[in-house]
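Architecture and fold: a report
Below are the chains, spelled out letter by letter.
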Amino acid sequence: MIRGDSDSDSSSQDGSDTEQSDSGEDDLDKVLAGYEQQQQQQNSSASRPGTLERDVTLPRPGGTSLLCAGDSSATLGGAGAVASSRRPSMMDAEAGHGQILELYVLVARCIAFPFTAQARNSMSRTRHLKLTETDLVQYCVQFEGFLRGDMPMIVSDEAFDKAILCYYDNFLVSKRLLSLVRSGGCTFADLRKVFQNYVEKFLKNLPLMERVKHDHVLAIWMSKYEAICRGNLDMETARRDSLAILRERQSVDDSVAPDHLYKVFQLILGIPQREHHLLSKELQLDNADEQATVIRRELRHRLTFLAQCDMKEIGLLLVSTEPNMAQEYLAEQHSHITKLSSTLNQMPISKKPEAGKRPKPLADDANDPGTVNKSDISISTSVSLTVRQARGVEFLPPDKPVFCLMEMDGHQSRMATAQYPASRPIWDTFATFPTSTPLPLVRIKLMADSKGILDADGKQIAKLSLQPTLCQSDGDRWYKMTPTVSLPDKNHHVEVQACVSIDKADNVKISGWLYCIGKDPWKKWKKHYFVLVQMTTYAFALCTFRDKQQTPAEVMTMTGCTVDYCGEDARRGVGEEGYTEFQFQLLISDNAVIFCSSSRNQMEQWVYHLARATGQAQRPQAPQGGGAKPAAKPQARTTTSALRELELDEQALTRDITWYDHGHLYATLLGKTLDQRLKDPASSMGWLTPGQQFVLDEYQARYCLRGFVTHLAMIRTLMEHASAGTYIDASLMQFSFTFCQAHIQGQKPDNYNSVTKEEREDFLEVLENLEDLLRFQLARLSHSFPFCLPDSGLKSTLRLFARVVSTRDGRNDALSTDLAKVASEVCDCLRKAALICYTDVVEDVKARMAGPEEEAFPEEVDTSTLEFLVCLSEECIDQMGQSQVDYAKAFSDYEGSLDAFEESFWQCYDVDLELIVEGASMENGKVFQVFEQINSYLLSHLVLRDGKFHKHLLSLFMPLVANYLDLMSVALEKEMVMGIASETWRQEQTSAKCAEELFVKLRGLHRFVQRLAWPEPLFAEHLEKRAQRAIADLLLSLCTRTYNYFKQVLARQSPHAEALYIAPRQCWVLIDVVTASIEQASLLCVDRNNEDDGEPQPALVEYGGNIRMSLLSIQEQMMTDAAALLNFTVDDILVKLSLHDPANIVFSLLNRIRKSRVDLDDLSLSVEHNLQALQECTGATSVADIVMTWYDSLLSLIHGWLEKRPQRSLKFPQFDTLQGALEVIVHRFVIYFNTEQDARTTLLTAVEERLRLEQSAHELEATVKSM
């Protein structure tokens, strides 16, 4: 970046008088005025090139180039052209310390005298403390401690614990958060905001009690969150200390004070404090005049360089082929120099500019350094006069009071000393007189006290006239006074000791008496009093004054002048002694003014100050010899020992400013500044501090860098850091990119109309690299912007990507951006992001299933198992749900982009799904658990539903579901058969285990079909009917087999000879199995699609029958058979009562033997025990049905027996027995029914009527017999 060309060094050292005179031939005023007119003409007639043509191949110019590849502005800092032979090499990371020191010299001058830049406010977001990996680990430890219960002081509940666990598992320990922390884009505030978002989402789904507001709960939970973070007091103390340091540093970073900026850039460039002190002394950084002189010299260098530029070569390097474009290019450079000179012209004289503030504009004519009026030049100073004492007044009486009067011409007031006796005339009186003339006349009058009427001020004894000059301070001297009274003798003298001086005026640099001659204005060799006046910071004037005059007699501006010592041939003879060899000259255009001084020291002083005023490139070298001893240069520029200590050559501090490649220097400075900025504890994301930006802006303006060059350097530097993994705010890159785009497209963002080929090539290169970077970031969406952090980061990146795409496609502004085209480009990037995201999810699942990382030999995870697929499916659903929450708002302007991301993600998942499903066993229902999860998520998604992945998922599982139903039907049939066969049916058994297991599996089969939620109506209806028919067939088969076994049980358990009979318990269990089957059929075998009058109809079995009717018929038959078995005791009683019929052959015998009823104890016990067994073995529904059937059958049996006999034909034992039996039966069943009304049936009423009729007949018969 700093040239090491020996030829240029030698040329800069070997400047001759002729070269110096040639460099000053062009008058700055005329050059600037002419180029301003040309620029106005070019702006009115020039047309700009159209859109950017990316396809065109742009050849790089070969050979000698006027424009630098890295800095199209060349040594004019992006504003001019420069020969390649004068171009320095680029400063790389291994640049020598001497080169860094030279860069620091340029930066220090910008800090010492800033006159163009203006302090900015911090453009970055509110500064928060950056989160480091150590901080993240400590946070995780804090939350782990809370979840373990190590913080009992924090009162929590189940809901808060669940929210903390979700926050910890899904966010704090996420690898995506770790990547964001490593990039430097995560802050403590981001952690708190994410937790707040989790809580708000959690509270929306949490039912709260009345009068409890969500905001109140949110505030309480956030306070608990802060308490968890403060769990470790050492950590909290360190965090508070860091925040305090951050606040203090923020106030310092916002400062643009020079002392602070020196320290900042010493740290950035690695300059020790001692070297800074040496450079500060050598560069005179505290001397505003010296710094202003350096700026004037730099501007002269640039004008000289522009005059040497070849218009044809410049035209070859510009994009536009218009013939006047090269002239316009140079006009732009001159315009920038004019602006700098005008700004410098507005600076206060001899005062250092206030950092960060631009000077107030002066009048229009004051901004033109070539316009000078004599009336504009004024000198304001003051004459200081001190009268000490007098001598030679002994001729006066000793006690005569004497005093001095002090006055100045042009000043009305005068001052007098105190009166002292003539024997001791010592006053030591000081007086000050303001003046505006450099040659004032001061008078001192020695007075004696007088009582005369005419001598009101006293009697004048002697007088003295003095004419001091500017900057004169001779100290105390004795001056001989002119007497005004008669003295004792001629040898007597009156003298006064006085000190007279004129204070230095702020705008006067040097003054003195010189001989001079020139064409204009001093045409005769004559002695004049010259004053070098600084009118503004940029403009100087050489003036001559006459005695007591405030306005200069002659004025000569220093603009465009060059000062040098006179050679032997240019010297002129002077009549006065001593004015022969100390001569120097001012060269301007065709005029040469020769000056002659009285001493070598005076000559060198004048040459030194005139050289600073002219701002010429070369400092004149004082000739040696001539009889006078050479005087030391005032304020020497360099010291050999200091430069040697700094490892700098002698020209390092005085080098021609056009010798540097400021484009590369600026890029190096910017890179080092950004490196240092990104190390700050605050999360800067690439935004510089106001102080850093202030110095860079000053560097850009002072060294004439084009805005395109600086913004291009900013983009490249930011891209370099972003490519290295550092988080950079995309809005910062967009700001610089928009500027460069506007420049290339001819929109003149910084009033530069010309565009070079190098600039266009550089822009195309940056455009391509920036597009690749943005595509890379979007392709790594989950790593670049995890959880959509930081805020607005993804949105800014998308806005920048849209502008890059529109620029690449040839659109000139953001308003013409084709959102559909950009959305398509974003979709392409997100499809790649989906693959990366899915890969990360797979790795996370593997790590979770492998066990803790602390294990020495973690198990290798088999990715072909259904367990892995289930975990993978759950993680994928969670990941996509989180992506919707995080990124939906950012991608809202790009329709379909996030949907493309999810569709691609599920397509990646589809590959593993198909491989695992094909190798899985269909007997394992976990594969359908995966289907249920994925299908449920897809059905809730408006876009992915019925999408490509969804359709493939259905086509993959359609045959699997059908086969699974068939397999389940066959398997359940086998299990049912084996279960019935292996059932023990013991007496103490109260239920059928095989039936219960079958019912559970049938309900599971039914739920399986329901949970599938098949989206296609036809196949969903087919699945439901298929499952219902399978269930109906299984239930019918179960009931049929149960009935068959029931009949076997009845056959084995025939009644004994005893009248007391208790049915076996297996009968009731078997009947209960059939009843339960009917209930299951009512629930599981209902055809919802075939409703009659709003009621669902039962499903059909395999052969077309109604399953419910079939099962009910089986149940009815079993109950009838059971009731017939239970009626054995009653049958036995009725058989015994039939013996009392008159037609029976044993009637007469029984009528004599048994006159009373049959014993009914067996009947009572039989009914009681069988009812108890029914209640113990069967369900409530089965008991009620069986009991009612049994009750009706008993009454039917008695009623049928009575119907076979004519009325009033029953014998007393028959009547009495039946009446007792009916009472027992009704009593026992009323106890079961709990109410008599349930037992009151039609048959009971008929039986009771018959028995009452028989009772009436027997009573009548008894009455008749008694009569």
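Residues numbered from 1 in each chain as written. Predicted model: local features only at pLDDT ≥ 70, side-chain atom pairs only at ≥ 80, totals over all residues. Heavy atoms only, no water.

Examining the environment of Y515
The topology assignment puts Y515 in strand β11 (residues 508-517). Given a relative accessible area of 12%, Y515 falls into the buried group. Counting along the chain gives 10 residues from Y515 to W525, while the straight-line C-alpha distance between them is 6.4 Å. (Helix = DSSP H or I, 4+ residues; strand = E, 2+ residues; numbered from the N terminus. Buried < 20%, exposed > 50% of the residue type's maximum accessible area, 1.4 Å probe, protein only.)

Some points on the sheet that holds strand β16 (residues 583-588)
Strand order in the open sheet formed by 7 strands is β14-β13-β12-β11-β17-β16-β15, with antiparallel pairing between adjacent strands. With one partner strand each, in any of the chains shown, β14 (554-557) and β15 (562-565) form the two edges of the open sheet. Going across the sheet, the axis of each strand differs from the next one's by a mean of 35°, ignoring polarity. Of the strands in this sheet, β11, β12 (526-534), β13 (540-545), β15 and β16 are in contact with helix α16 (residues 600-614), which crosses β11 at around 115°. (Pairing = 2+ DSSP bridges. Axes fitted to C-alpha atoms, helices over the stretch in contact; angles between N-to-C directions. Contact = heavy atoms within 4.5 Å.)

A look at the nonpolar core
The biggest cluster of nonpolar side chains holds 215 residues, and the ones touching the most others in it are Y699, L794, W906, Y909 and F957. No other element matches helix α31 (residues 1017-1052), which puts 14 residues into this core. The contacts of L794, once residues within four sequence positions are left out, are L778, L781, F785, C788, Y887, A890 and F891. With 44 residues, the next largest nonpolar core counts M408, V442, I461 and V531 among its residues. (Core = buried A, V, L, I, M, F, W, Y, C linked by side-chain atoms within 4.5 Å.)

As for the pairing of strand β5 (residues 426-435)
Where burial is concerned, the two faces of β5 differ: the one with W427, T429, A431, F433 and T435 is buried and the one with I426, D428, F430, T432 and P434 is not. Bridge analysis of strand β1 (residues 381-391) against β5 gives 8 bridges, and the strand direction is antiparallel. Within β5, the residue paired with T381 across the bridge is T435.

Topic: the packing of helix α29 (residues 948-982) against α31
Two numbers describe how α29 lies on α31: the axes approach to 11 Å, and their chain directions differ by 10°. Classed by the angle they form, the pair α29 and α31 counts as roughly parallel. Of the residues in α31, those in contact with M958, V961, A962, L965, D966, S969, L972, E973, M976, V977 and I980 of α29 are F1019, L1023, R1026, A1030, L1034, S1037, L1038 and R1041. Split into classes, the residues belonging to the contact of α29 with α31 amount to 13 nonpolar, 2 polar and 4 charged. (Parallel < 35°, antiparallel > 145°, perpendicular 65-115°, else oblique. Nonpolar A, V, L, I, M, F, W, Y, C, P; charged D, E, K, R; others polar.)

Regarding the sheet that holds strand β8 (residues 477-480)
In spatial order, the strands read β5-β1-β10-β8; together these 4 strands make up an open sheet with antiparallel pairing. Of all the strands in the sheet, just β5 and β8 have a single pairing partner and so form its edges. Neighbour-to-neighbour, the strand axes of the sheet open up by a mean angle of 35°, direction not taken into account. Across 4 bridges, β8 lies against strand β10 (residues 495-502) in antiparallel orientation. In the sheet register, Y479 faces β10, and the bridge partner there is V496.

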